[in-house]
Amino acid sequence: MATSGSATASKRSSKTASDGSENVDRSTDSSALGACGKPLRADAARNRQKLIDVATTAFTDDVDTTLDEIAKRAGVGIGTLYRHFPTRCDLVLAVYGDQVAALEQRSYDLPKELEPGEALHEWMRGFVGYYAVKMGLINLLRSMMQGNPETFESARNRMRESAARVLQPAIDAGVIRPDATPMELTRALGGVCLASTTPEGQETSLAVVDLIYDGLRFGAPNA
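Every chain is numbered on its own, with residues counted from 1 as its sequence reads. Local features in a predicted model are, by the rule used here, given only for residues with pLDDT of at least 70; side-chain atom pairs are given and counted only at 80 or more, and totals for whole chains, interfaces and linings are based on all residues. The side-chain figures draw on all heavy atoms in the structure; neither hydrogens nor water molecules are used.

Now for the overall build of the protein. For the protein, the helix and strand inventory stands at ten helices and zero strands. Strands here mean DSSP runs of E at least two residues long; helices mean DSSP runs of H or I at least four residues long; both are numbered from the N terminus. Element order for the protein, N to C, with α for helix and β for strand: α-α-α-α-α-α-α-α-α-α. In the structure as shown, the protein presents an accessible area of about 11,100 Å², 52% of it carried by carbon and sulfur atoms. Residue-level accessible areas treat just the shown protein chains as cover; the underlying method is Shrake-Rupley with a 1.4 Å probe.

The next subject is helix α8 (residues 149-172). Multiplying 1.5 Å by the helix residue count minus one yields the expected span of that helix. Taking 1.5 Å per residue as the helical rise, α8 with its 24 residues ought to reach 34 Å, and the 34 Å between its terminal C-alpha atoms agrees with that figure. One or two residues past the end of α8 sits Gly174, with phi positive at roughly 80°.

Our focus in this paragraph is the nonpolar core. Grouped together as the largest cluster of nonpolar side chains are 51 residues, with contacts concentrated most on Ile70, Leu120, Trp123, Met124, Phe127 and Ile176. For this core, the secondary-structure elements that each account for two or more residues are α2 (42-61), α3 (67-74), α5 (88-113), α6 (116-136), α7 (138-145), α8, α9 (182-193) and α10 (199-217). The element that contributes the greatest number of residues to this core is α5, accounting for nine residues. As used in this record, nonpolar core signifies buried Ala, Val, Leu, Ile, Met, Phe, Trp, Tyr and Cys residues forming a set joined through side-chain atoms within 4.5 Å. For each residue, the accessible area found with a 1.4 Å probe, counting protein chains only, is set against the maximum for its type, and the residue is called buried under 20%, exposed over 50%, and partly exposed in between.

Next up on the list: the packing of aromatic side chains. Two aromatic rings from Phe, Tyr or Trp, using only the six-membered ring of Trp, form a pair when their centres are within 6.5 Å; if the ring planes differ by under 30 degrees the pair is stacked, by over 60 it is edge-to-face, and anything between is tilted. Throughout the structure, instances matching the rule amount to two aromatic pairs. Considering the side-chain rings of Tyr96 and Phe152, the 5.3 Å spacing of their centres and the 35° angle between planes classify their relative orientation as tilted. Pair noted here: Tyr96 is in helix α5 and Phe152 is in helix α8, with a separation of 56 residues, a long-range link. Here Tyr96 matches Phe152 in class, with each residue buried.

This part takes up the environment of Thr80. When you line up the elements, Thr80 lands in helix α4 (residues 78-84). We classify Thr80 as buried; its relative accessible area is 15%. Each C-alpha atom of the pair Thr80 and Asn47 lies 8.2 Å from the other, and the pair is 33 residues apart in sequence. In contact with Thr80, not counting residues within four places along its chain, are Asn47 and Leu51. Polar side-chain contacts of Thr80 include one of 3.0 Å to the side chain of Arg83. Contacts between residues were defined by any pair of non-hydrogen atoms, one from each residue, lying within 4.5 Å. In protein, a polar contact requires one atom able to donate a hydrogen and another able to accept it; more generally it is a pair of N or O atoms within 3.5 Å, and residues adjacent in sequence count only if both atoms are side-chain atoms.

Here we take up the confidence of the model for the protein. Mean pLDDT for the protein: 80, with 76% of residues reaching 70 or above. Per residue, pLDDT captures the predictor's confidence, and it can take any value from 0 to 100. Highest mean pLDDT in the protein belongs to α3 (97); lowest belongs to helix α1 (residues 6-9) (36). Taken together, the stretch residues 1-31 has pLDDT below 50 and engages in 62 contacts with residues farther than four places along the chain or on a different chain.

So, about α9. Here α9 contains twelve residues, and its C-alpha end-to-end distance of 16 Å stays within 8% of the 16 Å for a straight helix at 1.5 Å per residue. If you check which residues of α9 are buried, you get Leu185, Thr186, Leu189, Gly190, Val192 and Cys193. Each buried residue of α9 sits inside an arc of 160° when the element is viewed along its axis, so together they form one side. Relevant arc is that of directions from the helix axis to the C-beta atoms, nothing else.

Now for the pattern of salt bridges. One speaks of a salt bridge when a side-chain nitrogen belonging to Lys or Arg is within 4 Å of a carboxyl oxygen belonging to Asp or Glu. Going through the model one piece at a time under the given rule, you end up with six salt bridges. For Arg177, the salt bridge identified is with Asp179, shortest N-O distance 2.8 Å. Owing to a relative accessible area of 45%, Asp179 belongs among the partly exposed residues under this scheme.

Mapped onto the fold, Asp53 is located in helix α2. Residue classification places Asp53 among the partly exposed positions, given a relative accessible area of 30%. Distance from Asp53 to Val95, taken between C-alpha atoms, is 7.6 Å for residues 42 residues apart in sequence.

Axes here refer to lines fitted to C-alpha atoms; in helices the fit is confined to the stretch in contact. Angles between the N-to-C directions go from 0 to 180 degrees. Interaxial distance between α8 and α9 falls to 8 Å at its minimum, and their mutual angle equals 110°. As summarised for this structure, α8 and α9 are arranged roughly perpendicular, according to the angle between their axes. Remark: the crossing between α8 and α9 carries right-handed chirality. Contacts between α8 and α9 involve Met159, Arg160, Ala163, Ala164 and Leu167 on the former and, on the latter, Pro182, Met183, Leu185 and Thr186. In the scheme used here, Gly and all other residues not listed as nonpolar or charged are polar, with Ala, Val, Leu, Ile, Met, Phe, Trp, Tyr, Cys and Pro taken as nonpolar and Asp, Glu, Lys and Arg as charged. For the contact of α8 with α9, the per-class residue count stands at seven nonpolar, one polar and one charged. By the definition adopted for this analysis, an angle is roughly parallel if under 35 degrees, roughly antiparallel if over 145, roughly perpendicular if from 65 to 115, and oblique otherwise. In this scheme the crossing of two helices becomes right-handed for a clockwise turn of the near helix relative to the far one and left-handed for an anticlockwise turn of less than a right angle.

Looking now at the packing of α2 against α5. Running from amino to carboxyl end, α2 crosses α5 at an angle of 90°, the nearest separation of the two axes being 9 Å. The pairing of α2 with α5 is recorded here as roughly perpendicular in orientation. Contacts from Gln49, Leu51, Ile52, Asp53, Ala55, Thr56 and Phe59 in α2 reach Arg88, Leu91, Val92, Ala94, Val95, Asp98 and Gln99 in α5. Of the residues belonging to the contact of α2 with α5, the class tally is eight nonpolar, three polar and three charged.

Quick look at the structure:
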């Protein structure tokens, strides 16, 4: 799952980093705002993020996990869950948004930690984990797309921007072929991850992602 850094990502601000890049501003994300759109107290924000984290794991294992069970696992009352997420749809969309934000945050963090080619490779592999969660919710998400088109269009744009954030430095460094585009990359990764519905499928998808990365290196001047 693309949850690495999601707990710490909510604590990051949008201030400009020393290298000129900006971290994701999550001040308006689900971990910081209540159902009414107002900022939450620290304890309420922790409860909200805990519910999202528990629901992420629960929905990955069983998309039909009840809200009562999620509240129990999170150690809060069902009333607390409903205050944050009035409907099951609200919770599903919060899980989806949290995964998008976590993968987006990785596009900021990885280039600071790794060489451009390695950062791109790790981001691509993290994409498989992101889809492992999404695939568990795919039928629910499809039913929600018509009623929430702006949510999903925004997510697609954020994914392409995240892909560009790790792809372009690798192209500039000459380790990736210059004709690769963010749209092509996200489409290729999305296609690979359609087979990630089982642990075995996820392992296979990681291997295919490695092959795609090798293909991106073919013809690069410094590969």
